[in-house]
Amino acid sequence: MRLLIVGSLEGHIVTAGKIALDRGAKVANVDDIDAALDALRSGQGSELLMVDVDLDIAQLCASLEAERISIPVVACGIDTSPARAVEAIKAGAKEYIPLPPDAELIAAVLAAVTEESTSLVFQDPVMNAVLKLAEQIAPSEASVLITGESGTGKEIMARYVHSKSRRSKAQFISVNCAAIPENLLESELFGHEKGAFTGAVGRRIGKFEEASGGTLLLDEISEMHPRLQAKLLRAVQEREIDRVGGSQPIKVDIRLLATSNRNLEDEVRQGNFREDLYFRLNVVNIALPALRERPRDIEILADHFIAKYAEANGVPVPPISPEARQILLHHHWRGNVRELENTMHRAVLLAQDGRVTENSIMLTGEMLAPEGSPASQAAPSHGTAAAGSAASPARAGDASELVGRTVADVERDLILDTLEHCLGNRTHAANILGISIRTLRNKLKLYGEKGLPISMPGEAERTTA
């Protein structure tokens with residue numbers, strides 16, 4: 001991973017940097033926030049910022065957000081009071097590290113940032129074939145399209161391909177095409193010159209340039225507007241881009257990966273995706289199976305997530321009761337591995353007497369077990385719990401309660417409940433609802449303007465905790 005250290009801290013932060021280097025990180029150092037922003041704009045990417053707590057962390061976090069630079073910030077300080085540490089967290093820092101640094105603490109922070117970036121947990125034979133294909137094509141320069149339902153681990157697979165490639169020592173840059181508004185995505189990909197548009201306070205290196213020499217992942221590429229697809233096609237074909245407001249083309253050297261939770265051939269037929277771009281991206285297709293298609297992985301993944309969140313919450317690893325395991329094995333898992341992970345996180349928090357029981361498992365959706373089996377009988381109560389006891393009868397799905405309500409009201413409640421179920425994850429919610437991420441974003445913006453509370457990513461878990 002790449003670490004950017006901001007500040008001096010009487011040499012202690014240099015020690016932290018040496019520890020990070022020993023742990024395999026690539027470390028750079030700048031003196032202040034302006035220099036850090038200049039480094040990030042110029043394409044000196046980073047997966048983590050370690051910042052002197054005496055610097056203006058609030059200004060840094062605000063600038064990162066305004067310029068859509070998504071990097072976690074960790075504050076560091078010498079003999080800092082608890083109040084200062086809390087202030088840094090409130091300003092936007094993800095964590096606080098006291099200095100002089102402890103080697104194990106630095107290692108834990110680095111591990112938290114890079115956790116499972118290339119780790120694939122599986123034992124089902126279905127995944128063996130997928131991994132064999134990934135390892136076979138990884139050393140090549142071919143573009144790869146990774147497909148699969150939402151929550152199957154497409155980005156993790158992309159990082160795995162990069163780690164096995166000849167570019168593994170170079171940077172891996174990911175762009176979520178669904179998370180960036182259409183009018184800003186072009187600048188995010190190709191960069192811009194100072195003054196190219198309102199808010200362009202300085203030259204910004206785009207992700208294509210930042211990834212040059214390494215791998216660029218275009219996550220959820222099916223959400224990209226057709227107008228921008230034409231510019232992307234040129235970049236893919238010529239390995240050449242134009243910054244917004246620039247006058248000279250710029251050569252880039254990248255290995256291109258893309259993911260989609262939609263059937264791109266259907267999108268091509270419907271006119272939503274360019275056929276020529278599809279063929280350029282789909283030199284090799286890695287299709288990830290849904291979790292229900294790899295049933296032998298359910299238990300091993302459940303155990304993995306139980307251990308992960310027990311450690312994160314500082315509690316002993318709770319065993320899973322046989323009844324709880326049966327519920328997990330017979331659930332449909334329409335949200336795939338992501339849904340299982342969220343379920344096991346909640347289960348750790350709701351464990352009773354140090355055990356994960358059937359009452360700790362909160363689920364929604366159809367069960368695969370036949371009617372009358374223990375798992376299918378248990379499903380309704382768990383589904384009700386997951387939906388939330390505060391839901392109104394109409395939102396719980398009683399058709400008789402829908403009479404007299406407008407379609408807009410019912411649609412609003414469905415969207416908000418689905419988003420809450422997905423713990424604020426927009427991509428997952430849009431996939432379940434069968435709408436595009438752009439449509440969902442527009443709906444949520446409308447609801448927010450009306451003063452309705454909108455679940456943010458991870459918010460439901462924080463509330464549960």
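Model, not experiment: these values are computed from the prediction.

Some details on the overall build of the protein
Then comes step 1: Secondary structure assignment for the protein yields 20 helices and 14 strands.
Then comes step 2: Scored against the burial criterion, the 465 residues of the protein give a buried share of 47%.
Then comes step 3: Taking contacts inside the protein between residues at least 6 apart in sequence as the whole, the part at least 24 apart equals 70%.
Then comes step 4: Entry remark: accessible area of the protein is about 21800 Å², with carbon and sulfur atoms responsible for 50%.

Brief notes about the pattern of salt bridges
Two side chains carrying opposite charge are able to pair once their charged atoms lie near each other.
Then comes step 1: Throughout the structure, instances matching the rule amount to 26 salt bridges.
Then comes step 2: Its salt-bridge partner being Glu188, residue Arg204 comes within 3.6 Å of it at the nearest N-O pair. With Arg204 in strand E9 (residues 204–205) and Glu188 in helix H8 (residues 182–190), the pair connects residues that are 16 residues apart, well separated along the chain. Neither Arg204 nor Glu188 differs from the other in exposure class; each is buried.
Then comes step 3: The salt bridge partner of Arg294 is Asp297, with a shortest N-O separation of 2.7 Å.
Then comes step 4: A relative accessible area of 4% means that Arg294 is categorised as buried.
Then comes step 5: Given the relative accessible area of 0%, Asp297 is considered buried.
Then comes step 6: One salt-bridge network, held together by shared partners, links Glu193, Arg203, Glu209 and Arg243.

Describing the packing of aromatic side chains
Then comes step 1: With the rule as written, the count across this model stands at 2 aromatic pairs.
Then comes step 2: Look at Phe190 and Phe208: their rings are 5.4 Å apart centre to centre, the planes differ by 35°, and that puts the pair in the tilted class. Here Phe208 lies in helix H9 (residues 207–210) and Phe190 lies in helix H8, a separation of 18 residues in the sequence.
Then comes step 3: By relative accessible area, which is 0% here, Phe208 ends up buried.

Quick word on the packing of helix H13 (residues 296–312) against helix H14 (residues 322–330)
Then comes step 1: Where H13 meets H14, the axes come as close as 9 Å, and the angle between the chain directions of the two elements is 120°. By the angle class used here, H13 and H14 are oblique. Crossing hand, H13 versus H14: right-handed. Of the residues in H14, those touching H13 at Ile298, Glu299, Ala302 and Asp303 are Arg325, Leu328 and Leu329.
Then comes step 2: Grouping the constituent residues of the contact of H13 with H14 by class yields 4 nonpolar, no polar and 3 charged.

Remarks on the sheet that holds strand E1 (residues 2–6)
Then comes step 1: Across the sheet, 5 strands lie side by side as E2-E1-E3-E4-E5; this open sheet has parallel pairing. Taken across any chain shown, the strands that pair with only one partner, and hence form the sheet edges, are strand E2 (26–30) and strand E5 (95–99). Each strand axis lies, on average, 25° off the axis of its neighbour in the sheet, ignoring direction.
Then comes step 2: When strand E3 (residues 48–52) meets strand E4 (residues 73–78), the two strands line up parallel, connected through 4 bridges. Each bridged residue has a counterpart across the sheet, and for Leu49 the counterpart in E4 is Val73.

Criteria and cut-off values
Residues numbered from 1 in each chain as written. Predicted model: local features only at pLDDT ≥ 70, side-chain atom pairs only at ≥ 80, totals over all residues. Heavy atoms only, no water. Helix = DSSP H or I, 4+ residues; strand = E, 2+ residues; numbered from the N terminus. Buried < 20%, exposed > 50% of the residue type's maximum accessible area, 1.4 Å probe, protein only. Contact = heavy atoms within 4.5 Å. Areas by Shrake-Rupley, 256 points an atom, 1.4 Å probe, with all protein chains shown as cover. Salt bridge = Lys/Arg side-chain N within 4 Å of Asp/Glu carboxyl O. Phe/Tyr/Trp six-rings, centres within 6.5 Å; stacked < 30°, edge-to-face > 60°. Axes fitted to C-alpha atoms, helices over the stretch in contact; angles between N-to-C directions. Parallel < 35°, antiparallel > 145°, perpendicular 65-115°, else oblique. Left-handed = near helix turned anticlockwise from the far one by under 90°. Nonpolar A, V, L, I, M, F, W, Y, C, P; charged D, E, K, R; others polar. Pairing = 2+ DSSP bridges.

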